[in-house]
Amino acid sequence: MLTIKDIAKQLGVSVSTVSRALNNHPDIREETKQEVLEAMKRFNYTPNALARSLIQRKSNTVGLMIPDITDPFFSAMAHDVEEVLSENGYQVVYVNTSRRPDKEKRFLTSVMERKMDGIIVTPDFLDDEAIELLQRLNIPVVFLRRRPPETLNMPFVDVNHYEGTCRAMDYLFSLGHRQIGFIGMPRYSFTGQERYRGYIDSLKKQGLTPDPQGISWNGRTIECGYNAMGRLMEQLPAMTAVFAANDLLGIGALEYTAKNKIAVPAQISIIGFDNLEVTDLHWIKLTTVAQPRKEMGRKAAELLMQMMSDNMLTADSITLETQLIVRNTCSSITQQSASKE
């Protein structure tokens, strides 16, 4: 197999000259670089990536931890992360953890073994062992759609889930709703807790006491939303609106109402969070809170590249704004009352 030595011999230059030309070293003349590149093409020579990474002390490889690749929210963000990084010469190594702590820890261990230059992570579980693994990496780490614990001085890219929820609740209040149910994500989820906190605080600001019968913690899927909506309808029959902590839960709630011939929004209003593409389909048209998913993915990739370029292990975090998207699943109390007459 052809080596750098063979290329150097053919050109009548030193091995170090060829090596510096391949790595675009500034002290090599442009003519020499072009001669080396032409020789590479002529002899169909491909530099050994592993050997070059040892010389440069970088692998041009970035790890991307995704909690659930089947979730359209994370797959959309991952697409933009990879677009930005690949355009800048980085290879992205994916791992789908399926929200399992053992897979998250195996990924963090493999990062050290593969000598990755940096990673973008969206962990679901951060126990002491996982935190210790992150601290030992000694490479740039960016949290995406997650917040690191205070013991980790690492930046994040996220939105303000609390304010986004308050915005959604204020919209329901403006329509006259006071009996508002809540369909929550898993209790351990930081995102779910922030959206629940926004729901509770919004009620209290209106002088309303949260009703435990109007709160259903479940999961993240359409099926979870369907089951939770059924429980809420039984437990809080006076309910006129529902805040679903993510769009899939909201679509599950819509599925329940459709199957049980409960008109939306004529009999009950439903609002979600995320603005997944599916929510804009004409038979769904879910009112929701939009997160700039593409921008989040791009910002995370750009932040990581900046950290890798400047050889930094920390940087300023980025918090992006949400936006209320009004569609067809919410109406006023007056309109709901009129439909019952």
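The present account deals with the structure reproduced in this document. (Residues numbered from 1 in each chain as written. Predicted model: local features only at pLDDT ≥ 70, side-chain atom pairs only at ≥ 80, totals over all residues. Heavy atoms only, no water.)

## Re the environment of Tyr171
(1) Moving on: For Tyr171, the location among the structural elements is in helix α8 (residues 161–174).
(2) Moving on: What makes Tyr171 buried here is its relative accessible area of 17%.
(3) Moving on: The spatial distance from the C-alpha of Tyr171 to the C-alpha of Leu324 is 8.7 Å, given a sequence separation of 153 residues.
(4) Moving on: Other than its neighbours up to four places away in sequence, Tyr171 contacts Ile271, Thr287, Leu324, Val326 and Cys330. (Helix = DSSP H or I, 4+ residues; strand = E, 2+ residues; numbered from the N terminus. Buried < 20%, exposed > 50% of the residue type's maximum accessible area, 1.4 Å probe, protein only. Contact = heavy atoms within 4.5 Å.)

## Topic: the nonpolar core
In a soluble, globular protein the nonpolar side chains are often hidden away together inside.
(1) Moving on: Counting residues in hydrophobic clusters, the biggest one holds 40 residues, and the most contacted among them are Met169, Ile183, Tyr199, Met229, Val242 and Phe243.
(2) Moving on: Those elements that place two or more of their residues in this core are α8, β6 (180–184), α9 (190–205), β7 (215–217), α10 (222–235), β8 (241–244), α11 (247–259) and β9 (269–271).
(3) Moving on: With near-sequence residues (within four places) excluded, Met229 lies in contact with Ile183, Met239, Val242, Ala253, Tyr256, Thr257, Ile268 and Ile270.
(4) Moving on: Residues Phe73, Ala78, Ile120 and Leu276 belong to the second largest nonpolar core, which totals 28 residues. (Core = buried A, V, L, I, M, F, W, Y, C linked by side-chain atoms within 4.5 Å.)

## Regarding the sheet that holds β9
(1) Moving on: Spatial strand order, β7-β6-β8-β9: 4 strands in an open sheet with parallel pairing. The open sheet terminates on both sides in strands that have one partner only, identified here as β7 and β9. The sheet shows a mean angle of 15° between the axes of neighbouring strands, taken without regard to direction.
(2) Moving on: Sitting on the sheet, α9 touches β6, β7 and β8, and the angle it makes with β7 is about 180°.
(3) Moving on: Against the sheet, α11 makes contact with β6, β8 and β9, and its axis sits at roughly 160° relative to β9, the strand it touches most. (Pairing = 2+ DSSP bridges. Axes fitted to C-alpha atoms, helices over the stretch in contact; angles between N-to-C directions.)

## A closer look at the side chain of Thr165
(1) Moving on: Tracing the backbone through its elements, the reader meets Thr165 in helix α8.
(2) Moving on: Polar contacts involving the side chain of Thr165 include one to the main-chain carbonyl oxygen of His161, which spans 3.0 Å. (Polar contact = N/O pair within 3.5 Å; in protein donor to acceptor, adjacent residues only side chain to side chain.)

## Description of unusual backbone geometry
(1) Moving on: Here the residue pair Val264 and Pro265 is connected by a cis peptide bond, since its omega of 5° sits within 30 degrees of zero.
(2) Moving on: As for its placement among the helices and strands, Pro265 is situated in the loop between α11 and β9.
(3) Moving on: You will see that Lys115, though not glycine, has its phi angle at about 55°, which is positive.
(4) Moving on: Examined against the element boundaries, Lys115 turns out to sit in the loop between α6 (101–114) and β3 (118–121).
(5) Moving on: Positive phi, normally seen in glycine, also occurs at Asp274, with a value near 135°.

## Some remarks on α8
For the α-helix, the turn length of 3.6 residues means that residues three or four positions removed from each other point alike.
(1) Moving on: In this model α8 runs 20 Å from its N-terminal to its C-terminal C-alpha over 14 residues, within 8% of the 20 Å that 1.5 Å per residue would give.
(2) Moving on: Residues of α8 that are buried include every one of His161, Tyr162, Gly164, Thr165, Cys166, Ala168, Met169, Tyr171, Leu172 and Phe173, and no others.
(3) Moving on: For α8, the N-terminal cap is Asn160; the gap from its side-chain oxygen to the backbone nitrogen of Tyr162 is 3.3 Å.
(4) Moving on: Immediately downstream of α8, the backbone of Gly176 shows phi near 95°, a positive value. (Expected span 1.5 Å × (residues − 1).)

## Examining the state of the cysteines
(1) Moving on: For the structure on display, the rule yields 0 disulfides.
(2) Moving on: With no disulfide partner, Cys166 has as its closest neighbouring cysteine sulfur the one in Cys330, 16 Å distant. (Disulfide = S-S within 2.5 Å.)

## Considerations on the pairing of strand β1 (residues 61–66)
(1) Moving on: By the criterion of burial, β1 is predominantly enclosed, with 6 of the 6 residues buried.
(2) Moving on: Side chains Thr61, Gly63 and Met65 project from β1 onto one buried face, and the interleaved Val62, Leu64 and Ile66 project onto a second face that is buried too.
(3) Moving on: As for the winding sense of the linkage, the β-α-β connection from β1 through helix α5 (residues 72–87) to strand β2 (residues 91–96) is right-handed. (Right-handed = clockwise from strand over helix to strand, strands pointing away.)

## As for the environment of Ala238
(1) Moving on: Residue position: Ala238 is located in the loop between α10 and β8.
(2) Moving on: Considering only alpha carbons, one finds Ala238 and Ile180, 58 residues apart in sequence, at a separation of 9.1 Å.

## Remarks on the packing of α8 against α9
(1) Moving on: Running from amino to carboxyl end, α8 crosses α9 at an angle of 40°, the nearest separation of the two axes being 8 Å. In terms of axis orientation, α8 runs oblique to α9. Where α8 crosses over α9, the two elements pack in a sense that is right-handed. Contacts from His161, Tyr162, Thr165, Cys166, Met169 and Phe173 of α8 reach α9 at Thr191, Glu194, Arg195, Arg197, Gly198, Tyr199, Asp201, Ser202, Leu203 and Lys205.
(2) Moving on: Here the residues of the contact of α8 with α9 sort into 6 nonpolar, 5 polar and 5 charged. (Parallel < 35°, antiparallel > 145°, perpendicular 65-115°, else oblique. Left-handed = near helix turned anticlockwise from the far one by under 90°. Nonpolar A, V, L, I, M, F, W, Y, C, P; charged D, E, K, R; others polar.)

## Some thoughts on the pattern of salt bridges
(1) Moving on: For the coordinates displayed, the defined rule picks out 18 salt bridges.
(2) Moving on: With a shortest N-O distance of 3.4 Å, Lys105 and Glu129 are connected by a salt bridge. Taken together, the positions of Lys105 in helix α6 and Glu129 in helix α7 (residues 128–137) put the pair 24 residues apart, joining distant regions of the chain.
(3) Moving on: With a shortest N-O distance of 4.0 Å, Lys259 and Glu255 are connected by a salt bridge. You can see Lys259 and its partner Glu255 sitting in helix α11, 4 residues apart, about one turn around the helix.
(4) Moving on: The class of Glu255 is partly exposed, set by a relative accessible area of 37%.
(5) Moving on: When salt bridges that share partners are traced, they join Asp71, Arg99, Asp124, Arg146 and Arg220 into one network. (Salt bridge = Lys/Arg side-chain N within 4 Å of Asp/Glu carboxyl O.)

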